[in-house]
Amino acid sequence: MAGVFISFEGGEGCGKSTQIKRLAARLEKAGRKVVVTREPGGTMLGETIRHLLKHAREGHGMCAESELLLFSAARAQLVRSVIRPALAAGAVVLSDRFLDSTTVYQGLVRGLDPLMVATVHQMAVSECLPRLTVVMALPVKEGRKRLMKRVRPVGGENDRFEAEPDEFHQRVLDGFLQLAKVEPKRVKVVDASGTKDAVEQAIWRIVRRVV
Ligand code: TMP
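Residues numbered from 1 in each chain as written. Predicted model: local features only at pLDDT ≥ 70, side-chain atom pairs only at ≥ 80, totals over all residues. Heavy atoms only, no water.

*Asks:* Is there a simple way to explain the packing of aromatic side chains in this structure?
*Replies:* The relation between two aromatic rings is expressed through the spacing of the ring centres and the mutual angle of the planes. Scanning the model with the defined rule gives five aromatic pairs in all. Where Phe5 meets Phe98, the ring centres are 4.9 Å apart and the plane angle is 80 degrees; that geometry is what we call edge-to-face. Placement of Phe5 in strand β1 (residues 4-10) and of Phe98 in the loop between β3 (92-96) and α4 (99-109) is noted, with a sequence separation of 93 residues between them. The same class applies to Phe5 and to Phe98, which are both buried. Both rings, one in Tyr105 and one in Phe161, keep their centres 6.0 Å apart while their planes meet at 90 degrees; by these two values the pair is edge-to-face. Residue Tyr105 is found in helix α4, and its partner Phe161 is found in the loop between α6 (140-149) and α7 (166-182); the two are separated by 56 residues along the sequence. Of the two residues, Tyr105 and Phe161, both sit in the buried class. Joined through ring pairs, the aromatic side chains of Phe71, Tyr105, Phe161, Phe168 and Phe176 make up one cluster. (Phe/Tyr/Trp six-rings, centres within 6.5 Å; stacked < 30°, edge-to-face > 60°. Helix = DSSP H or I, 4+ residues; strand = E, 2+ residues; numbered from the N terminus. Buried < 20%, exposed > 50% of the residue type's maximum accessible area, 1.4 Å probe, protein only.)

*Asks:* Help me understand the packing of helix α3 (residues 64-88) against helix α5 (residues 114-125), please; the structure alone is not making it clear to me.
*Replies:* Helix-helix packing is described using two parameters, namely the angle between the two axes and the distance between the axes. Relative orientation of the contacting elements α3 and α5 amounts to 25 degrees, with a least axis distance of 8 Å. In terms of their interaxial angle, α3 and α5 are classed as roughly parallel. The hand of the α3/α5 crossing is right-handed. On α5, the residues that touch Glu65, Leu68, Leu69, Ser72, Arg75, Ala76, Val79, Arg80 and Arg84 of α3 are Met116, Val117, Val120, His121, Met123, Ala124 and Val125. Of the residues assigned to the contact of α3 with α5, the class counts are ten nonpolar, two polar and four charged. (Axes fitted to C-alpha atoms, helices over the stretch in contact; angles between N-to-C directions. Parallel < 35°, antiparallel > 145°, perpendicular 65-115°, else oblique. Left-handed = near helix turned anticlockwise from the far one by under 90°. Contact = heavy atoms within 4.5 Å. Nonpolar A, V, L, I, M, F, W, Y, C, P; charged D, E, K, R; others polar.)

*Asks:* Please clarify how the side chain of Ser72 should be interpreted in this entry.
*Replies:* Inspection of the secondary structure assignment puts Ser72 in helix α3. When its relative accessible area of 4% is taken as the criterion, Ser72 is described as buried.

*Asks:* Could you clarify how one ought to interpret the site of the ligand in this entry?
*Replies:* Taken together, 14 residues lie around the ligand, and Glu12, Lys54, Arg97, Thr102 and Gln106 are the ones closest in. Side-chain polar atom of Arg50 to an oxygen atom of the ligand: 3.2 Å apart, as the coordinates give it. Considered on its own, the ligand offers 470 Å² of accessible surface; in the complex 94% of this is hidden by protein. Elements supplying a minimum of two residues to the shell around the ligand: α2 (44-54), α3 and α4. Looking at the shell around the ligand, the element that brings in the most residues is α4, giving four residues. Tallied by class, residues from the shell around the ligand come to four nonpolar, three polar and seven charged. (Near = heavy atom within 4 Å. Polar contact = N/O pair within 3.5 Å; in protein donor to acceptor, adjacent residues only side chain to side chain. Areas by Shrake-Rupley, 256 points an atom, 1.4 Å probe, with all protein chains shown as cover.)

*Asks:* Is there a simple way to explain the sheet that holds strand β5 (residues 187-191) in this structure?
*Replies:* The parallel open sheet is built from five strands, whose spatial order is β2-β3-β1-β4-β5. Whereas interior strands pair on both sides, the edge strands pair on one side only; in this sheet they are β2 (34-38) and β5. Averaged over neighbouring strand pairs, the angle between their axes works out to 20 degrees when direction is ignored. Both strand β4 (residues 132-137) and β5 contribute to a ladder of five bridges, which runs parallel. (Pairing = 2+ DSSP bridges.)

*Asks:* Could you clarify how one ought to interpret the packing of helix α1 (residues 16-29) against helix α8 (residues 196-207) in this entry?
*Replies:* At a minimum axis separation of 10 Å, α1 and α8 run at an interaxial angle of 55 degrees. For the element pair α1 / α8, the angle class is oblique. Relative to α8, the crossing made by α1 is right-handed. Mapping the contact onto sequence places Thr18, Gln19, Arg22, Leu23, Arg26 and Leu27 in α1 and Lys196, Asp197, Val199, Glu200, Gln201, Ile203, Trp204 and Val207 in α8. Grouping the constituent residues of the contact of α1 with α8 by class yields six nonpolar, three polar and five charged.

*Asks:* Quick question: what am I supposed to make of the nonpolar core here?
*Replies:* Generally speaking, nonpolar side chains in soluble globular proteins are found buried as a group. By size, the foremost hydrophobic cluster in this structure holds 24 residues, and its most contacted members are Ile6, Phe8, Leu23, Leu94, Val134, Met136 and Ile203. When residues of this core are assigned to their parent elements, the largest contribution, six residues, is made by α8. For Leu94, the residues in contact, after removing those within four places along its chain, are Ile6, Phe8, Ile20, Leu23, Ala24, Leu27, Val34, Val35, Val36 and Thr37. If you look at the next biggest cluster of nonpolar residues, it comprises 16 residues, including Phe71, Ala74, Val172 and Ala180. (Core = buried A, V, L, I, M, F, W, Y, C linked by side-chain atoms within 4.5 Å.)

Structure follows, in structure tokens:
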């Protein structure tokens, strides 16, 4: 069976990881081999870069260009060590974020030149692109509420991105919705404000066409 690559995108607190777990369980039950990964992360190098990007003191004040290169370095490793081999083995790969996050956060919102972003994408992933991208759309205020309810480790605080103002997160959401208009075949929007079961059903209606 051919491998299928599906990515999940959206703002903070939109429920991607919960829904990815549910989808993975459903696919496995149906006999599919599933590989779940996340960005930044998914490899030892990627998880170290994730810490630098989100939490480390050394990352404070990082410029947008460094962000672009660090996210892309983590991605280059993930593509070669995890995603390509899994697809070659016929797995369904579910990634919590992928390159559209860079297009939106570092390109549209941080304002980096789209040509520069596209050039780095080409080097990091080349042809390894998702067959389907599910954007989970949730009003920014609702995402914030959900984040506040999340159980955090002792001393845990907002990461560098969560700490950005609502206006930043609104531009992120608008950016993803814009991508769905530009690439309607690949990028599908799901209303993430319903119950977990309702969102799961909405995602399944889209995913079952490609797996
Ligand atoms: P998350 O996995 O908890 O969503 O955290 C990842 C954070 O990093 C999130 O705020 C979005 C941000 N991000 C980017 O800015 N660019 C990227 O390319 C990726 C993958 C994530």
